[in-house]
Amino acid sequence: MTVNELMKSALALCGEGAPAPYLSAFGVPWVNALMAENFETEQNIRRAAGRPALEKIPVLTALSEEVPYDEGLVNSAFVFGLAAFIADAGCDRELASSFRNRYMLGAQTAAKAFEHAIFDCYGEE
């Protein structure tokens, strides 16, 4: 999904039927912030799926760029995170809080655990 597609979905959630040119300048920085915030979640999703981890947090520069994160994470969390940013920009704190809660739930739902060895540091050998 591209940043532009994410913005359209988020704007629709906020009740904006037409594209909002005054918000388009914020799309890329907001998605970059969401990618930074969800970097460890994306790494865990990749590990669980057996895909290679990212070396660093990606930085997007254009609305036409694809978000290089798991589709489940992007669809279930990022769209609500963007909607929260949009609602905040419109001074609707209650709606922003609702979207922020849905964003956190989406990120937690998309997160994956991965198995690793646990060492008993208190037991006897």
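Residues numbered from 1 in each chain as written. Predicted model: local features only at pLDDT ≥ 70, side-chain atom pairs only at ≥ 80, totals over all residues. Heavy atoms only, no water.

1. Observations regarding unusual backbone geometry
Of note in the backbone geometry, C91 takes a positive phi value of approximately 65 degrees without being a glycine. Tracing the backbone through its elements, the reader meets C91 in the loop between α4 (71-89) and α5 (93-110). (Helix = DSSP H or I, 4+ residues; strand = E, 2+ residues; numbered from the N terminus.)

2. Focus: the side chain of T2
The residue T2 is located in the segment before α1 (3-13) in this model. If we skip the residues at most four places from it in the chain, T2 touches L63, S64, E65, E66 and V67. (Contact = heavy atoms within 4.5 Å.)

3. Structural notes on the nonpolar core
With 34 residues, the main nonpolar core has L6, V31, V67, Y69, L73, F78 and L82 as its most contacted residues. Elements represented by at least two residues in this core include exactly α1, α2 (21-37), α3 (39-49), α4 and α5. For this core, the element with the most residues is α4, which contributes 11 residues. Apart from residues lying up to four places away in sequence, L6 is in contact with M1, V31, V67, V74, F78, V79 and L82. (Core = buried A, V, L, I, M, F, W, Y, C linked by side-chain atoms within 4.5 Å. Buried < 20%, exposed > 50% of the residue type's maximum accessible area, 1.4 Å probe, protein only.)

4. Examining α1
Within the span of α1, buried status applies to V3, L6, M7, A10 and L11. One side of α1 holds all its buried residues, which, seen down the axis, span an arc of 130 degrees. For α1, the exposed residues set more than 90 degrees away from the buried face come down to K8 and A12. Here the buried face of α1 lies against α2 and α4. (Arc of directions from axis to C-beta.)

5. Quick notes on the environment of L13
Mapped onto the elements, L13 comes out in helix α1. Residue class for L13 comes out partly exposed when judged on its relative accessible area of 37%. Considered as a pair, L13 and A84 are 71 residues apart in the sequence and their alpha carbons are 9.7 Å apart. Ignoring any residue separated from it by four or fewer positions in sequence, one finds L13 in contact with V79, F80, A83 and F99.

6. Describing the pattern of salt bridges
Applying the stated criterion across every chain yields a total of four salt bridges. Of the charged contacts, one joins R93 and D88 as a salt bridge, the two residues approaching to 3.4 Å between their closest N and O atoms. Using a relative accessible area of 25% as the deciding quantity, one classes D88 as partly exposed. A cluster of three or more residues bridged by salt bridges with shared partners is formed by E42, R46 and R51. (Salt bridge = Lys/Arg side-chain N within 4 Å of Asp/Glu carboxyl O.)

7. Topic: the packing of aromatic side chains
Applying the stated rule across the entire model yields four aromatic pairs. Linked through ring pairs, F26, W30 and F85 together constitute an aromatic cluster. (Phe/Tyr/Trp six-rings, centres within 6.5 Å; stacked < 30°, edge-to-face > 60°.)

8. Some points on the environment of A77
Its location among the elements puts A77 in helix α4. A77 gets classed as buried once you look at its relative accessible area, which sits at 0%. Linking A77 and F99, residues 22 residues apart in sequence, is a C-alpha distance of 9.4 Å.

That is the geometry; function is a separate question.
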